[in-house]
Structures are given as structure tokens and as C-alpha cells.
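# A look at the structure
Here is how the chains run, residue by residue.
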Amino acid sequence: MIKRIAVLTTGGDAPGMNAAIRGVVRYGTYKKLEVMGVFRGWWGLINEELKPFDHRSVSGIINQGGTILKTMRCHEFQTKEGQERAYATIKKHAIDGLVVIGGNGSFSAAHAFSKAYKIPCVGIAASIDNDINGIDMTIGWDTAINTALNAIDNIRDTATSMERIFVVEVMGRECGSIALAVALAAGCEDVIIPERKPDMAKICHDIVNGNVKGKISWIIVVAEGAGSAPDIAKKIAEMTNLETRALVLGHIQRGGRPTALSRDIALNLSRTAIDCLLAEQGNRAVGIVAGKVACVDLEKTLLKKETDIEAAYNLIKVMS
Ligand code: F6P
């Protein structure tokens, strides 16, 4: 029987994580659970950095980006010794289940820990990269793409006015989900992502061709895992002989006030995460699938997410 749970945020922060913490604490206490907040993710379990949270502990955070619990990538948790120490904290504080708010790295750690120590873990999908297999939308993705979109809309004004080419780098070390979404919504002329080898000759040929026909401003979005904006801008300038500027949006995409969608998803997922634990369904992940809250096997989320990259890329090109 589950009486006391602990909640933690791990990996890269995502806007809406605070709303998820609020949801876990408020819905958990409503369901008569005791809820402990763990600081700095797995590191906090290893080092016994946790304390009881109540209704008031999560006041005034729903509109804040980041995470009040702090987060980090903890290599020690990948070791047997680290996991033993984390488990000792769980036993000492009589914790019956864990809610892990994070992305695929966090889920992989939760899955291994849950299996090895038989502690029920439920993951709440939160990542600006939206790259968790089996889940269509994560907490934070909508906010991140809107942040990037605002920046690119601003760039469009100056790119058009000064008739320049811009290469804008967005986040996504291993996947182009942010780049593809933003390139489509911002009406960008091209996009370069890790999943698809770029044809620089074709990109430059299109630019020069467009230039001859009078089209002078271009915005090309690049996901960080596919190359750096300054390098790509340099190459385009060399190949086209046209003025090209580079911009790296970087970590601003991880911060900021979560959008209504990121908050709503967070609150709905947190309720389902608690319901999963109460129904003794550990080793699960909750996320948005086909527009609805869904519960999937944690193991399934560890596979590589497959998306129809060509269809998304072609739409961007047709609409540009
Ligand atoms: O949170 C995911 C992510 O934003 C990736 O898109 C990016 O590559 C990475 O985190 C950056 O991590 P760090 O904050 O460690 O630089």
C-alpha cells in the first residue's frame, strides 16, 4: 500500500516542470498521500536532500519556468554504489513510490532503478526536445517552440528589411523536433536536423536561384546536433557570395513562463501519475498520446522515437 511518495526533477529542465511538481503535491495530498520533495534529482536521493512538501510548499510556482526542486545530470546514479545509497534514503524515509519528472535519460535511470530495487516509479514526460518514444507531447515543448518562434519572427523583420540570409540554431542535440516545428511555424526556407543529412549544394543552389528571381531574405533553422549556425552561415556565405548572419538561441529556449498548454499538460499528467502509483502500476510513464493523457510502459519509452521526418521536411519546403 502506497502512503508516502517522493517527487524529483532530473535532466534538462523544461518549462512546466514547476506546474507538474505542484500537481503531484496537490493531487497527492488530496489523495491522502505524504509527498516528499527531492532536491537536484537523483543526486538528492543519493545525498538525502529531501523534505516533506505540503499544499503551501508549491504556492506561486505554476507560472514559473525552471524547477524549484533543481535538477542535474547525475553520473553517480549510474553506478551500483550510487543506486544503493539512493535506495538507502528511500528505505530510511519509508518512501513507497517515486514520481520522476524528466526526459528519456531520466526515464532510463528510473526504469533501471525500479527494476533493480522493486520500487514503483512513474515518469512524467517533461523535455523541451519532445523525443520520448511512445509519447507525442511532453511538458515544455510547446513553450520552447514558442520561445524560439518569437525570436525567429523578430529575425524575420530584420532579415526582410536588410535582405539577408540568417542561420538560426535551436536546441536538439539528437533530434530535430524543435527545429522542424519552428521552421514550419515561422515559414522558414530550410531546416537542417541531425536525422537528415543536409545537401548544402542544393540549399545554396536554391538560395542563388531565388536571389536571381528577386528573393533575397532567407531563414534556415539548424538543430544544434546537426551543426553550428556560425559554421553553416560561413559555408553559405562562401558558396553563395551573399551576406549571411548566424544566431544561436541556446538555453533561452529552456526558460520562461510556461504556456497554458505546457501547464495544462503538467497538471493533467501529474494527476495520472499519482493515480498510477495508487493503482500499484509502477514502471510507467505518463504523457500526451493522440491528444489525450496516456500511461505507457516505461520500457517502451527507452526505444528511439521514430517520426516521419521526410513528411515534415517536405511540408516546410512546400510552404516556404
Ligand atoms: O533538455 C534537452 C536539451 O535542451 C538538448 O536539446 C540540449 O542539447 C541539451 O539539453 C543541452 O544540455 P545542457 O544544458 O547540459 O547544455
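Bear in mind the structure is a predicted one, so any value in this text is a computation, not a measurement. (Residues numbered from 1 in each chain as written. Predicted model: local features only at pLDDT ≥ 70, side-chain atom pairs only at ≥ 80, totals over all residues. Heavy atoms only, no water.)

### Describing the environment of Leu-267
Positionally, Leu-267 belongs in helix H9 (residues 260–278). Along the backbone, Leu-267 and Ser-114 are 153 residues apart, and their C-alpha atoms lie at a distance of 24 Å. (Helix = DSSP H or I, 4+ residues; strand = E, 2+ residues; numbered from the N terminus.)

### Quick word on the site of the ligand
By nearness alone, every residue bordering the ligand is listed as Gly-12, Arg-73, Ile-128, Asp-129, Met-171, Gly-172, Arg-173, Glu-224, His-251 and Arg-254. One nitrogen or oxygen atom from the side chain of Arg-73 is found 2.5 Å from an oxygen atom belonging to the ligand. When the free accessible area of the ligand is taken as 400 Å², the share hidden by the protein chains comes to 79%. When residues of the shell around the ligand are sorted by domain, at least three fall in each of domain 1 (4–140 + 258–302) and domain 2 (141–255). (Near = heavy atom within 4 Å. Polar contact = N/O pair within 3.5 Å; in protein donor to acceptor, adjacent residues only side chain to side chain. Areas by Shrake-Rupley, 256 points an atom, 1.4 Å probe, with all protein chains shown as cover. Domains from an automatic or database assignment.)

### What about the nonpolar core?
Judged by nonpolar contacts, the single largest core of 63 residues is most densely connected at Ile-5, Val-99, Ile-101, Ile-124 and Val-191. Taken domain by domain, the makeup of this core includes at least three residues from each of domain 1 (4–140 + 258–302) and domain 2 (141–255). For Ile-101, the contacting residues outside a window of four places in its chain are Val-7, Leu-8, Thr-9, Thr-10, Met-17, Ala-20, Ile-21, Ile-124 and Ala-126. Grouped together as the second largest cluster of nonpolar side chains are 28 residues, Leu-8, Leu-50, Ala-109 and Leu-298 included. (Core = buried A, V, L, I, M, F, W, Y, C linked by side-chain atoms within 4.5 Å. Buried < 20%, exposed > 50% of the residue type's maximum accessible area, 1.4 Å probe, protein only. Contact = heavy atoms within 4.5 Å.)

### Topic: helix H3 (residues 80–92)
It helps to recall that an α-helix has 3.6 residues per turn; residues three or four apart then point in one direction. A rise of 1.5 Å per residue sets the reference length of H3, with its 13 residues, at 18 Å; its end C-alpha atoms lie 18 Å apart and thus fit the reference within 8%. Those residues of H3 that are buried are in contact with helix H2 (42–46), strand S3 (50–53), strand S4 (97–102) and helix H4 (104–117). One or two positions beyond H3, positive phi appears at Ala-94, with a value near 50 degrees. (Expected span 1.5 Å × (residues − 1).)

### Structural notes on the pairing of S4
Buried residues dominate S4, accounting for six of its six residues. Side chains Gly-97, Val-99 and Ile-101 of S4 all project onto a buried face; the interleaved residues Leu-98, Val-100 and Gly-102 project onto the opposite face, where all are buried too. One ladder, built from five bridges, connects strand S1 (residues 4–9) with S4; its direction is parallel. The residue bridging Thr-9 from the neighbouring strand is Ile-101, located in S4. Two strands pair when backbone bridges link them, and S4 and strand S5 (residues 121–125) are joined in this way by five bridges, in the parallel orientation. Looking at the pairing, Ile-101 lines up with Ile-124 of S5. You can see the chain leave S4, run along H4 and come back into S5, and the turn it takes is right-handed. (Pairing = 2+ DSSP bridges. Right-handed = clockwise from strand over helix to strand, strands pointing away.)

### Structural notes on the side chain of Arg-156
Tracing the sequence through the fold places Arg-156 in helix H5 (residues 141–162). Given the relative accessible area of 18%, Arg-156 is considered buried. Within polar-contact distance, the side chain of Arg-156 engages the backbone oxygen of Gly-187 at 2.7 Å. In this structure, Arg-156 is in contact with Ala-186, Gly-187, Cys-188, Glu-189, Ser-217 and Ile-219, ignoring residues within four places of it in sequence.

### Section: the packing of aromatic side chains
By the definition in use, this model includes seven aromatic pairs. Both rings, one in Trp-42 and one in Phe-113, keep their centres 6.1 Å apart while their planes meet at 65 degrees; by these two values the pair is edge-to-face. Residue Trp-42 is found in helix H2, and its partner Phe-113 is found in helix H4; the two are separated by 71 residues along the sequence. Cluster of aromatic residues (ring-pair linked, three or more members): Trp-42, Phe-77, Tyr-87, Phe-113 and Tyr-117. A cation over a ring is seen here: Lys-215 above Trp-218, with NZ or CZ 5.1 Å from the ring centre. (Phe/Tyr/Trp six-rings, centres within 6.5 Å; stacked < 30°, edge-to-face > 60°. Lys NZ or Arg CZ within 6 Å of the ring centre and 35° of its normal.)

### Looking at the domain arrangement of the chain
Split into domains, the chain comes out as domain 1 (4–140 + 258–302) and domain 2 (141–255). Taken over C-alpha atoms, the centre of domain 1 sits 34 Å from the centre of domain 2. Contacts between the two partners involve 17 residues from domain 1 and, on the opposite side, 14 residues from domain 2. In total, domain 1 and domain 2 occlude about 1,200 Å² of area from one another, counting both sides; carbon and sulfur atoms represent 54% of this. Our count for the domain 1 to domain 2 interface comes out at one salt bridge. Measuring nitrogen to oxygen at the nearest pair gives 3.2 Å for the salt bridge that ties Arg-254 to Asp-13. Between the two partners, domain 1 and domain 2, sit eight residue pairs in polar contact (both at pLDDT 80 or more). Here the residues of the side of domain 1 that touches domain 2 are counted per class, giving six nonpolar, seven polar and four charged. (Buried area = accessible area lost by both parts, 1.4 Å probe. Salt bridge = Lys/Arg side-chain N within 4 Å of Asp/Glu carboxyl O. Nonpolar A, V, L, I, M, F, W, Y, C, P; charged D, E, K, R; others polar.)

### A word on the sheet that holds strand S2 (residues 34–38)
Pairing in this open sheet of seven strands is mixed, and the strands run S3-S2-S1-S4-S5-S10-S11 from one edge to the other. The open sheet is flanked by S3 and strand S11 (292–297), the only strands paired with a single partner. Averaged over all pairs of adjacent strands, the angle between their axes in this sheet comes to 25 degrees, without regard to strand direction. Summarising the sheet, S2 and S3 pair through four bridges and their orientation is antiparallel. In the sheet register, Gly-37 faces S3, and the bridge partner there is Lys-51. (Axes fitted to C-alpha atoms, helices over the stretch in contact; angles between N-to-C directions.)

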